[in-house]
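# Structure assessment
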Amino acid sequence: KGMRLQVGTEREGTWKDVVKFIGSELDPVQVRIEPGVLGRWWRFFVDDAFDGGDGATSALGVAGFGLRGKPIGAWERLQGQHVNPPCSFREVQAKFSAQVTADDCFNSAQVVPRIDYVVWRGDSGFSCWACDTS
């Protein structure tokens, strides 16, 4: 029943509660994160589950889990540009393969914090890079 969405700086590091909430046995639960929180590592932590009715078992069913976000600031689309390499080894924050369209690439990259630009290669394997130049 008791659940938390947590963010961390690394998988094995310290986790910080972003939001705590009570689940529902029958209805979907949506929670809002205000103000927006950026993080590379997220986890869904379940403190306890619903009693199975026999006093000995607990049940937990997660039908779906997702994070939605929107970019901070405006993005400008530049088409027909040549960028090679897409970003340096130091600048690469994420690489997504098999992104069929530029929109697919952009939407996938929205979950990556601290990115300056996204490069989609429609001419060679439909690869997508999320980059940070800071």
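Structure: above.
Residues numbered from 1 in each chain as written. Predicted model: local features only at pLDDT ≥ 70, side-chain atom pairs only at ≥ 80, totals over all residues. Heavy atoms only, no water.

### Observations regarding the environment of Gln81
As a reminder of what qualifies: Under the DSSP-based scheme used, a helix requires at least four consecutive residues in state H or I and a strand at least two consecutive residues in state E, with every element numbered from the N terminus. Each residue gets one of three labels from its accessible area relative to the maximum for its type: buried under 20%, exposed over 50%, partly exposed in between, using a 1.4 Å probe on protein chains only.
Structurally, Gln81 is set in the loop between strand E5 (58-59) and strand E6 (92-96). Residue classification places Gln81 among the exposed positions, given a relative accessible area of 55%.

### Side note on the sheet that holds E6
Operational definition: By this definition, two strands are paired if DSSP reports at least two bridges between them. A fitted line through C-alpha atoms represents every axis, and for helices the fit uses only the stretch in contact; the resulting angles, taken between N-to-C directions, go from 0 to 180 degrees.
Strand order in the open sheet made by the three strands is E6-E8-E7, with antiparallel pairing throughout. Either end of the sheet is taken by a strand with one partner, and the two such strands are E6 and strand E7 (117-121). With direction set aside, neighbouring strand axes in the sheet form an average angle of 15 degrees. Both E6 and strand E8 (residues 127-131) contribute to a ladder of four bridges, which runs antiparallel.

### As for the pattern of salt bridges
As a reminder, the rule being used: We define a salt bridge as a side-chain nitrogen of Lys or Arg found within 4 Å of a carboxyl oxygen belonging to Asp or Glu.
Applying the stated criterion across every chain, the model contains two salt bridges. Notably, a salt bridge pairs Asp17 with Lys20, separated by 3.8 Å at the nearest N-O pair. Since its relative accessible area comes to 28%, Asp17 is described here as partly exposed. Look at Lys20 and you get exposed, because its relative accessible area is 61%. Overlapping salt bridges bring together Arg4, Asp17 and Lys20 as one network.

### Considerations on the nonpolar core
One recurring pattern in soluble globular proteins: nonpolar side chains tend to sit buried together. Put simply, the rule is: Take the buried residues of types Ala, Val, Leu, Ile, Met, Phe, Trp, Tyr and Cys, join any two whose side-chain atoms come within 4.5 Å, and each joined set is a nonpolar core. The contact rule is simple, with two residues in contact once any of their heavy atoms fall within 4.5 Å.
Membership of the largest hydrophobic core is limited to eight residues, which are Ala94, Phe96, Cys105, Ala109, Val112, Ile115, Cys128 and Ala130. For this core, the secondary-structure elements that each account for two or more residues are E6, helix H1 (102-109) and E8. Contact partners of Ile115, with chain neighbours within four places excluded, come to Trp75, Gln93, Ala109, Ala130, Cys131 and Asp132.

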